[in-house]
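Residue strings, one per chain:
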Amino acid sequence: MRCKQRPKFKVTTDSKHNLPVAPNILNREFAVNALGEVWISAILYIPTALYLAGIKQLFNGELVWVMP
């Protein structure tokens, strides 16, 4: 009998490129004065081979959009 080993972590991000990078217009200032002014997003990988993406408003913390 042999155990099944998981493969090592594989880096998929290439940060040494010559492509343009978007400017940091938020500049870590998370205080928002109006609804819909600033939205943030995130992508999460769940180990069941599933990606979860979401968009959230910073004004009231409400999730605007979630896609499995």
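Below is a short write-up of the structure. Because the structure is predicted, anything quoted here is derived from the model rather than measured.

## Examining the overall build of the protein chain
(1) Moving on: A count of helices and strands for the protein chain gives zero helices and three strands.
(2) Moving on: Written out in order from the N terminus, the α and β elements of the protein chain read β-β-β.
(3) Moving on: Taking 2.2 N^0.38 as the reference for a compact globule, 68 residues should give roughly 11 Å; the C-alpha atoms of the protein chain span a radius of gyration of 18 Å, well beyond that estimate.
(4) Moving on: C-alpha extents for the protein chain along the principal axes are approximately 60 × 35 × 15 Å.
(5) Moving on: Per-residue burial for the protein chain yields a buried fraction of 7% across its 68 residues.
(6) Moving on: Nonlocal contacts in the protein chain, meaning residues at least 24 apart in sequence, comprise 16% of its contacts between residues at least 6 apart.
(7) Moving on: Accessible surface for the protein chain amounts to roughly 7,200 Å². Of this, 59% is attributable to carbon and sulfur atoms.
(8) Moving on: Distance from the positive charge centre (8 side chains) to the negative charge centre (4 side chains) of the protein chain: 26 Å.

## Notes on the environment of Trp 39
(1) Moving on: Relative to the assigned elements, Trp 39 resides in strand 1 (residues 39-46).
(2) Moving on: Spatially, the C-alpha atom of Trp 39 lies 9.5 Å from that of Leu 63, the residues being 24 residues apart in sequence.
(3) Moving on: When sequence neighbours within four positions are dropped, the list of residues in contact with Trp 39 reads Ile 55, Lys 56, Gln 57 and Val 64.

## A word on the packing of aromatic side chains
(1) Moving on: For the structure shown, the criterion picks out one aromatic pair.
(2) Moving on: When the centroid spacing of 4.9 Å and the interplanar angle of 55° are considered together, the rings of Tyr 45 and Tyr 51 count as tilted.
(3) Moving on: Residue classification places Tyr 45 among the partly exposed residues on the basis of a relative accessible area of 44%.

## Thoughts on the sheet that holds strand 1
(1) Moving on: The three strands lie next to each other as 1-2-3, forming an open sheet whose pairing is antiparallel. Strands with a single pairing partner mark the edges of an open sheet, and in this sheet they are strand 1 and strand 3 (63-67). Averaged over all pairs of adjacent strands, the angle between strand axes in this sheet comes to 15°, irrespective of strand direction.
(2) Moving on: Sheet topology places strand 2 (residues 50-57) next to strand 3; four bridges connect them, and they run antiparallel. Note that in strand 3 the partner of Lys 56 across the bridge is Leu 63.

About the criteria used
- One numbering rule holds for all chains: residues counted from 1, following each sequence as written.
- Owing to the predicted nature of the model, reporting of local features is limited to residues with pLDDT of at least 70; listing and counting of side-chain atom pairs is limited to 80 or more, with chain, interface and lining totals taken over all residues.
- Remark: hydrogens and water are excluded; side-chain values derive from all non-hydrogen atoms of the structure.
- Numbering of helices and strands runs from the N terminus; a helix is a DSSP stretch of H or I covering at least four residues, while a strand is a stretch of E covering at least two.
- Values of the radius of gyration come from C-alpha atoms, whereas the globule rule sets the reference at 2.2 Å times the count of residues to the power 0.38.
- Working definition: with a 1.4 Å probe on protein chains only, accessible area under 20% of the residue-type maximum means buried, over 50% means exposed, and in between means partly exposed.
- By definition, residues are in contact when any of their heavy atoms lie within 4.5 Å.
- Every accessible area reported is derived by Shrake-Rupley at a probe size of 1.4 Å, with residue values counting cover from the shown protein chains alone.
- For the purpose of counting charges, residues Lys and Arg are taken to be positive, whereas Asp and Glu are taken to be negative. His and the chain ends are not included.
- Each charge is placed at NZ for Lys, CZ for Arg, CG for Asp and CD for Glu.
- The criterion for an aromatic pair is that two Phe, Tyr or Trp rings (for Trp, the six-membered ring) have centres within 6.5 Å, with stacked assigned to planes under 30 degrees apart, edge-to-face to planes over 60 apart and tilted to the rest.
- A pair of strands is considered paired only if DSSP assigns at least 2 bridges between the two.
- To get an axis, fit a line to the C-alpha atoms, keeping to the stretch in contact for a helix; angles then go from 0 to 180 degrees between the N-to-C directions.

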